[in-house]
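Chain residues, written in single-letter form:
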Amino acid sequence: MTGAGDAAPAAAATRGASLLVAEDDEASRVALARSLERFGYRVLEAADGEAALRLFQTTEIDLVVLDVAMPRMDGFAVLSRLRQTSEVPVIMLTGRAEEVDRVVGLELGADDYVVKPYSLRELVARVRARLRRRPAEPPPQRSGDSNDPLVYGDVFIDLRAREVAVAGERIDLTAREYELLAFLARHPRRVFSREELLEQVWGTRFQDPATVTEHVRRVRTKVEGRPPQRRLVTTLRGMGYRFDP
């Protein structure tokens, strides 16, 4: 882990946010916690997965920095438990750079992935970017936007209730999956790159574009995979994704 140097203080909008740092290596955990506190955050620490869950259940947490390799309950198991009840932003830390680890984390609902040894400046920038837009908040309404339902064949998107139904059956989407589908559906036939979708839906460009790829895959599985077969989100190689009603 490298130092933050002379990085500027966190923006006022993110000051005071409560973070949970779950890392079994005490030296790394304490160093990261103290550095984040210098940026105006309130930081809680957990040395294992079970302690992390207890803190999360008893304290209002705005973002979790979660190490994969922890005793009692590893980071993947903790993330799975968190996603049963919460869409809190989660940044995973791992000492391994294998693609399979990133894929597993993204499939379980991680928002970002950082490989050790990491730059503290970069990690703090990722934390700040994630906190600028909370997952539970609806996407900001732009001039001319409408909250009227979007109907494409048997696909019904209720923008007020933030619900999606296919052939009359409600689809269980996470908050981020819903936001991605709703954003694309609001702009039919328009191509968005992964970087543009990160900025528009996630509120940041400091994130692995593979996050978008994984969320598109999950939306397709849940929405397009139901009979009759349909293709709503089209991949344009080298360009991005497009909603095709």
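Read on for a plain summary of the structure. These numbers come from a predicted model, not from an experiment. (Residues numbered from 1 in each chain as written. Predicted model: local features only at pLDDT ≥ 70, side-chain atom pairs only at ≥ 80, totals over all residues. Heavy atoms only, no water.)

## Describing the overall build of the chain
As a reminder of what qualifies: The secondary structure listing takes helices from DSSP runs of H or I that are at least 4 residues long and strands from runs of E that are at least 2 residues long, numbered from the N terminus. Relative accessibility under 20% of the residue-type maximum defines a buried residue, over 50% an exposed one, and the middle range a partly exposed one, all with a 1.4 Å probe and only protein chains included. Here, residues are in contact when the closest pair of their heavy atoms is within 4.5 Å. Residue exposure ignores everything except the shown protein chains as possible cover, and the areas themselves are Shrake-Rupley values with a 1.4 Å probe.
When you go through the chain residue by residue, the secondary structure sums to 8 helices and 12 strands. Counting every position in the chain, which comprises 245 residues, the buried fraction comes to 50%. By sequence separation, contacts in the chain at least 24 residues apart represent 60% of the contacts at least 6 residues apart. Only carbon and sulfur atoms are counted for the fraction: they give 49% of the accessible area of the chain, which is about 11600 Å².

## A look at the sheet that holds strand β1 (residues 18-22)
Rule in force here: Pairing between strands requires that DSSP locate at least two bridges from one strand to the other. Between N-to-C directions, angles cover 0 to 180 degrees, with each direction set by a line fitted to C-alpha atoms, over the stretch in contact for helices.
As summarised here, the arrangement of the 5 strands in space is β2-β1-β3-β4-β5, forming an open sheet in which the pairing is parallel. The open sheet terminates on both sides in strands that have one partner only, identified here as β2 (42-46) and β5 (112-115). Within this sheet the neighbouring strands show an average axis-to-axis angle of 20°, counted without direction. As defined by bridge partners, β1 adjoins strand β3 (residues 63-67) across 4 bridges and the pair is classed as parallel. Across the sheet, L19 pairs through a bridge with L63, a residue of β3. Of the strands in this sheet, β1, β2, β3 and β4 (90-94) are in contact with helix α1 (residues 26-38), which crosses β2 at around 170°. Against the sheet, helix α2 (residues 49-58) makes contact with β1, β2 and β3, and its axis sits at roughly 140° relative to β2, the strand it touches most.

## Observations regarding helix α6 (residues 175-186)
How we decide: Residue count minus one, scaled by 1.5 Å, sets the expected span of a helix.
Here α6 is 12 residues long and its end C-alpha atoms lie 16 Å apart, about the 16 Å a rise of 1.5 Å per residue gives. Taking burial as the measure, the 12 residues of α6 include 11 buried ones, the bulk of the element. Listed as buried for α6 are A175, R176, E177, Y178, E179, L180, L181, A182, F183, L184 and A185.

## Structural notes on the pattern of salt bridges
Two side chains bearing opposite charge may form a pair once their charged atoms approach each other closely. Going by this rule: The salt bridge definition used is simple: a Lys or Arg side-chain nitrogen within 4 Å of an Asp or Glu carboxyl oxygen.
Counted by the stated rule, this structure contains 20 salt bridges. Of the charged contacts in the structure, one is a salt bridge between K222 and E177, with a shortest N-O distance of 2.7 Å. One end of the pair, K222, is in helix α8 (residues 210-224); the other, E177, is in helix α6, and 45 residues separate them in sequence. Judged by relative accessible area, which is 1%, E177 ranks as buried. Linked through salt bridges whose partners overlap, the residues forming this network are R83, D111, R130, R162, R176 and E179.

## Section: the packing of α6 against helix α7 (residues 194-202)
Under the convention used in this document: Each angle receives one of four descriptions, namely roughly parallel if under 35 degrees, roughly antiparallel if over 145, roughly perpendicular if within 65 to 115, and oblique otherwise. In this scheme the handedness of a crossing depends on how the near helix is turned from the far one: anticlockwise by less than a right angle means left-handed, clockwise means right-handed. For this classification, the nonpolar set comprises Ala, Val, Leu, Ile, Met, Phe, Trp, Tyr, Cys and Pro, the charged set comprises Asp, Glu, Lys and Arg, and every other residue, Gly included, is treated as polar.
Between α6 and α7, the shortest axis-to-axis distance is 10 Å and the interhelical angle comes to 115°. Considering the angle they form, α6 stands roughly perpendicular to α7. Crossing hand, α6 versus α7: right-handed. In contact with R176, E179, L180, F183 and L184 of α6, α7 contributes L197, Q200, V201 and W202. Across the contact of α6 with α7, the residue classes tally to 6 nonpolar, 1 polar and 2 charged.

## A few points about the nonpolar core
The condition that has to hold: The criterion is simple. A nonpolar core is a set of buried Ala, Val, Leu, Ile, Met, Phe, Trp, Tyr and Cys residues joined through side-chain atoms within 4.5 Å.
Membership of the largest hydrophobic core comes to 29 residues, with the highest contact counts inside it found for I157, L180, L181, L197 and F243. Of all the elements in the fold, those that place two or more residues in this core are β6 (150-152), β7 (155-158), β8 (163-166), α6, α7, α8 and β12 (240-243). Among the elements that line this core, the one with the most residues is α6, at 7 residues. Setting aside residues up to four positions removed in sequence, L197 forms contacts with L180, F183, L184, F192, W202, V212 and Y241. Ranked by size, the runner-up nonpolar core spans 23 residues in total, among them A46, M70, M73 and L79.

## Thoughts on helix α3 (residues 75-82)
Note the cut-off: The arc refers to the directions leading from the helix axis to the C-beta atoms. We define a polar contact as two N or O atoms separated by no more than 3.5 Å, with the added condition that, inside protein, one atom must be a possible hydrogen donor and the other a possible acceptor, whereas residues neighbouring each other in sequence contribute only through side-chain atom pairs.
The set of residues buried in α3 consists of G75, F76, V78, L79 and L82. Angular distribution of buried residues about the axis of α3 spans 160°; they occupy a single face of the element. Structurally, the start of α3 carries an N-cap: the backbone nitrogen of F76 is 3.1 Å from a side-chain oxygen of D74.

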